Amino acid sequence: MKRIGILTAGGDTPALNATIHGAVVRANELKVEVYGLIKGFNSLFNPRVPHVHLNPLFQPIPELDPTIGGTIIGASRTYLSPENHDATKTFVERLHRLKIEGLICVGGDGTLNGMQPLTELLPVVLAPKTIDNDLGLNYRSEPDEWQRKSSDKAPGHAYQRLSSQTVFDLERMINFVTPGFATAVYVSVAGVQRVRTTAESHRRIAIIEVMGRRSGYIALGSAYGRPDIILVPEFALEIERLVERIKELYDLQKNVLIVCGEGIVDQQGNELGVEKVSQDPAGNKMLSGTAEALRQILIKRIGDKYFKDLRRGESAAEVIFTRTIGHTLRGGRPLLFDRFYAAQLGGKAVDLLLERKNNVVATLQWNRQRGFHLDGFDGNSLRDRWGHIHARQLHPSFYDAHAMKPSRAGIEYLMQILPGAIGHDDVESIRNNFFAAGNLLEPYHSFNTDVSKRIRYLE
Ligand code: F6P
């Protein structure tokens, strides 16, 4: 292959530029041209296919800086539906006209679902990205455990899991961790630590909502900030136990800090956060208001009297407050761990493509002997028998539902990723850049301004 395309699809992460950079560095070594398609699949829906040549003369363009979050080629949730055969054909014709012989999609489970039809007409490899850490499998046979039943609700069916027959082993996870996750955990830990001291001082109960959709990895990782209680979407809320635990803690320390994943569910399996029901183009439910919904439940259950008797507030509503960490989890400088492995995975995606692999995912594997190492995993093996890719959830052994904290296995998992995740240069960058005079003297200069000057069109 002489020329390949790359696009970044779905929600952004701090490690996308690092992945693109890794791909470009490897492509330079192999003398392959890389065209970046602007705003994910959106570029291919546009007959003019806006794109940027990322390595003229086999040098990365200067805007491509792996320490900057986001993606210089833009991202969108524009989604190629597997049923849309005409669009798929048109996309491939457009790519051929640009003389692009293979495509790297930097994306998550939604992107992998969408890229399937393309793989029938053009070699496509996925380089993983997601802060949610939900791309991959806890074990090889996980997709076979899904059952599909018809349902009155759209899309006419619902999934259920059969109980697992597999003995879980950390070393057998497929795609141990995805770049972007470590930085998101870092931000959530900082949020927890900062809210703690105000909760302590004002005798309050804080509920901090973190992203992650239906997967509790970010919530689990926030354990490094030492919240008192962590609630994850994989375990239905046990309200009696939660209230009991909150009271135990509040009696003792006069403040409680709860982290909840945005996808937590009640005993009936209903998401607390689906106040505003909407979906992104890939069909994912957009969750919002989880912490607030939980707050309302706690206000009712605990009641005002409890706080009045303790002389710590006039009402439950006054004491219990919420903070949503939100998009700060997804932005800014990626930590060393994310930069390093994102770049490696970008390079691996190029290698897989040049080995003529198709419909394959570059993965980051881990075992005790080798630590982290790269591999490629067949995209089809991530699908259930109906062809659907499910977001990976926490393996049940990672969470202690009674303590509402990570279990021993969960701690072992996190400890492979986070202790070395912050690089010396990450710390130095705060010292050098945070209060730099230039921040006051000059306006923000967006990479979009420079990259726009490089955008070319098909016609
Ligand atoms: O999948 C990444 C993610 O950040 C989720 O954790 C979150 O639910 C969602 O995207 C938010 O999407 P948006 O930025 O489109 O609101």
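**Some remarks on the overall build of the protein chain**
Along the protein chain, the regular secondary structure elements total 14 helices and 16 strands. Relative to the globule expectation of 23 Å for 459 residues, the C-alpha radius of gyration of the protein chain, 23 Å, shows essentially globular dimensions. The C-alpha extent of the protein chain, read off along each of the three principal axes, is 75 × 60 × 45 Å. Buried positions account for 46% of the 459 residues belonging to the protein chain. A fraction of 74% describes how many contacts in the protein chain between residues 6 or more apart in sequence connect residues 24 or more apart.

**Some points on the environment of P66**
Relative to the helices and strands, P66 is located in the loop between β3 (51–53) and β4 (75–76). C-alpha of P66 to C-alpha of L336: the two residues are 270 residues apart in sequence and 10.0 Å apart in space. Ignoring anything within four residues of it in the chain, the contact list for P66 reads N17, A18, H21, R339 and A343.

**Details of the domain arrangement of the protein chain**
Looking at the assigned domains, one finds that the protein chain contains domain 1 (3–139 + 334–388) and domain 2 (181–329). Tallying the contact residues gives 16 residues for domain 1 and 16 residues for domain 2. Residue assignment for the side of domain 1 that touches domain 2 shows that the elements contributing at least two residues are α4 (109–115) and α10 (336–354). Partitioning the side of domain 1 that touches domain 2 into residue classes produces 7 nonpolar, 5 polar and 4 charged.

**Let's talk about the nonpolar core**
Counting 116 residues, the largest nonpolar core has A23, I104, V125, I208, L220 and A349 as the members making the most contacts within it. Formed jointly, this core draws a minimum of three residues from each of two domains, domain 1 (3–139 + 334–388) and domain 2 (181–329). Beyond its immediate stretch of four places on either side in the chain, I208 contacts G191, V192, V195, L257, I258, V259, A291, R323 and I325.

**Things to note about the pairing of strand β13 (residues 360–367)**
One ladder, built from 2 bridges, connects strand β6 (residues 124–128) with β13; its direction is parallel. Looking at β13, one finds that L126 is bridged to V361. Strand direction decides the pairing type here: β13 and strand β14 (residues 371–378), joined by 8 bridges, are antiparallel. Within β14, the position partnered with T363 by the bridge is D375.

**Looking at the sheet that holds strand β12 (residues 320–324)**
Ordered by their spatial adjacency, 4 strands build an open sheet running β10-β11-β9-β12, and the pairing between neighbours is parallel. This sheet does not close on itself; its edge strands, each paired only once, are β10 (229–231) and β12. Put simply, the sheet's adjacent strands are angled 20° from each other on average, direction ignored. Relative to strand β11 (residues 256–261), strand β9 (residues 205–210) is paired through 6 bridges, and the arrangement is parallel. Its bridge partner being in β11, A206 is matched across the sheet by L257.

**A few points about the packing of helix α1 (residues 16–29) against α10**
Relative orientation of the contacting elements α1 and α10 amounts to 45°, with a least axis distance of 6 Å. Classified by the interaxial angle, the pair formed by α1 and α10 is oblique. Remark: the crossing between α1 and α10 carries right-handed chirality. Side by side, α1 and α10 meet where A18, T19, I20, H21, G22, A23, V25, R26 and A27 of the first sit next to D338, R339, A342, A343, Q344, L345, G346, G347, A349, V350 and D351 of the second.

**Some thoughts on unusual backbone geometry**
The step from A154 to P155 runs through a cis peptide bond, and the omega angle for that step is 5°. The residue P155 is located in the loop between β7 (146–150) and β8 (157–161) in this model. Of note, the phi angle at N175 is positive, near 65°, even though the residue is not glycine. Mapped onto the elements of the fold, N175 is located in the loop between β8 and α5 (181–201). Judged by the 23 C-beta atoms lying within 10 Å of it, N175 is buried.

**Here we look at the environment of S407**
Among the structural elements, S407 can be located in the loop between β16 (405–406) and α11 (408–417). Residue classification places S407 among the partly exposed residues on the basis of 19 C-beta atoms within 10 Å. Residues S407 and S397, 10 residues apart in the sequence, show an inter-C-alpha distance of 6.8 Å. With residues up to four places along the chain from it excluded, the contact list for S407 reads S397, F398, Y399 and D400.

**Observations regarding helix α3 (residues 85–97)**
For α3, built from 13 residues, the straight-helix expectation of 18 Å at 1.5 Å per residue is met to within 8% by its first-to-last C-alpha distance of 19 Å. Those residues of α3 that sit buried are T88, F91, R94 and L95. Each buried residue of α3 lies within a common arc of 125° when the element is viewed along its axis, so the set occupies one face. Residues of α3 that are exposed and point over 90 degrees away from its buried face: H85, D86, E93, H96 and R97. Close packing links the buried residues of α3 with β1 (3–9), α2 (42–45) and β5 (102–107). Phi turns positive, to about 60°, at K99, one or two residues after α3.

**A few points about the pairing of β6**
With respect to burial, β6 is a largely interior element, 5 of its 5 residues being buried. Where burial is concerned, the two faces of β6 agree: the one with V124, L126 and P128 and the one with V125 and A127 are both buried. In this sheet, β6 lies alongside β5 in parallel orientation, the contact comprising 5 bridges. Residue V106 lies in a different strand from β6, and its bridge partner there is A127. Once the chain exits β5 it traverses α4 before rejoining the sheet at β6, and the crossover so formed is right-handed.

Here is what the cut-offs are and how they apply
Residue positions are given per chain, counted from 1 along the sequence in the order it is written. Only residues with pLDDT of 70 or above have their local features reported here, since the model is predicted, and side-chain atom pairs are shown and tallied only from 80 upward, although totals for entire chains, interfaces and linings are computed over all residues. Numbered from the N terminus, helices here are DSSP runs of H or I no shorter than four residues, and strands are runs of E no shorter than two. Within these notes, the globule rule equals 2.2 Å times the number of residues to the 0.38 power, and the radius of gyration is based on C-alpha atoms. Every C-beta atom is placed from the backbone, and the number of other C-beta atoms within 10 Å of a residue's own sets its class: buried at 20 or more, exposed at 12 or fewer, partly exposed in between. Residues are defined as contacting one another if the C-beta atoms placed from their backbone atoms lie within 7 Å. An automatic or database domain assignment supplies the start and end points of every domain. By the convention adopted, Pro, Cys, Tyr, Trp, Phe, Met, Ile, Leu, Val and Ala count as nonpolar, Lys, Arg, Asp and Glu as charged, and the other residues, Gly among them, as polar. To form a nonpolar core, buried Ala, Val, Leu, Ile, Met, Phe, Trp, Tyr and Cys residues must be joined through C-beta atoms within 7 Å. In short, DSSP must find at least two bridges between two strands for them to pair. A fitted line through C-alpha atoms serves as each axis, taken over the contacting stretch for helices, and the angle formed by two N-to-C directions is quoted from 0 to 180°. In these notes the angle categories are as follows: under 35 degrees is roughly parallel, over 145 is roughly antiparallel, 65 to 115 is roughly perpendicular, and the rest is oblique. Each helix crossing is assigned a hand: it is left-handed if the near helix lies turned anticlockwise from the far helix by less than a right angle, otherwise right-handed if that turn is clockwise. Helix span is expected to be 1.5 Å times the residue number reduced by one. Note that the arc is computed from the directions linking the helix axis to the C-beta atoms. Every crossover in which the path from the first strand over the helix to the second runs clockwise, viewed with the strands pointing away from the viewer, is termed right-handed.

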